[in-house]
Amino acid sequence: MSAPEAQTERPAPPARKGGTAALGWILTIGLDVVAPIITYHQLRDHGWSEFAALLLSSVWPVVDSAVNLAWRRKLDEFAVVTLVFLVITAVVSLIGAHSARALLIKDSGVTGLFGLLCLASLLAPRPLMFYFGRKFATDGTPASTAWWNGLWQYEGFRRTMTVMTTVWGVVYLVEAGVRIALAFVVDTDTMVVVSPVMIYTVLGCLGVWTAMYGKRSQAEGERRAAEAAAEADAGASAA
């Protein structure tokens, strides 16, 4: 831990604006999650191809990005990642055979690509979970965004974001590998049920672990800051 971090306690987050946060989450969930799913299934029910349906459903995250850009004068990384994820899914759907088993394997490949994206982001200035964390931990206002960005100066915070991103990347690579293997040994009707169950189970477990690890890391950082402050006070008193 660096000297500045040892001597400075992390600032508390600014008060969240409930109305702004609620509206932001309604837009995010509605445009990045609900609208693409509804659009995809509606188009598929009306005879559209898998690729065309995925491509058109990817318009909604673009709309979300445009709304955030107009509203907050900044691009929403969460919407960008969602868009990239949908585009990857659309591209993967064009590759190879189009049997039921092949589609299940492709679906698993997409989560594997997300795992690779997490690990690749470790080479970037800030890992992927930093941006996901900012989306979930702030209400998107300039004050809360500045607070989150300012936490990057602390070594403990940087380590936490790196560990989270690494765990998400590795877990999704393993999950994809397991589902691909199961697609070859489990009948398709069973796998159609097992596959989404695995997806949401893994996501839920990662979400719980992330919340617990984040709280533990924050408590550890506060404890070290308090110890450093106590040592500094003792040194000043002795002097």
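Residues numbered from 1 in each chain as written. Predicted model: local features only at pLDDT ≥ 70, side-chain atom pairs only at ≥ 80, totals over all residues. Heavy atoms only, no water.

**So, the nonpolar core**
Step number 1: Phe114, Trp148, Phe157, Met161 and Trp168 are the most contacted members of the largest nonpolar core, which totals 19 residues.
Step number 2: At the level of secondary structure, the elements contributing two or more residues to this core comprise α6 (100-120), α7 (128-137), α8 (142-150), α9 (155-185) and α10 (188-238).
Step number 3: With five residues, the top contributor of residues to this core is α9. (Core = buried A, V, L, I, M, F, W, Y, C linked by side-chain atoms within 4.5 Å. Buried < 20%, exposed > 50% of the residue type's maximum accessible area, 1.4 Å probe, protein only. Helix = DSSP H or I, 4+ residues; strand = E, 2+ residues; numbered from the N terminus.)

**Quick notes on the packing of α7 against α9**
Step number 1: Packing of α7 against α9 leaves a shortest axis separation of 8 Å and a crossing angle of 105°. The orientation of α7 relative to α9 falls into the category roughly perpendicular. Mapping the contact onto sequence places Leu128, Met129 and Phe130 in α7 and Phe157, Met161, Met164, Thr165 and Trp168 in α9.
Step number 2: Of the residues in the contact of α7 with α9, the class split is seven nonpolar, one polar and no charged. (Axes fitted to C-alpha atoms, helices over the stretch in contact; angles between N-to-C directions. Parallel < 35°, antiparallel > 145°, perpendicular 65-115°, else oblique. Contact = heavy atoms within 4.5 Å. Nonpolar A, V, L, I, M, F, W, Y, C, P; charged D, E, K, R; others polar.)

**With respect to the environment of Thr145**
Step number 1: Take Thr145: it is sitting in helix α8.
Step number 2: When the C-alpha atoms of Thr145 and Lys135 are compared, they prove to be 8.9 Å apart, with 10 residues separating the residues in sequence.

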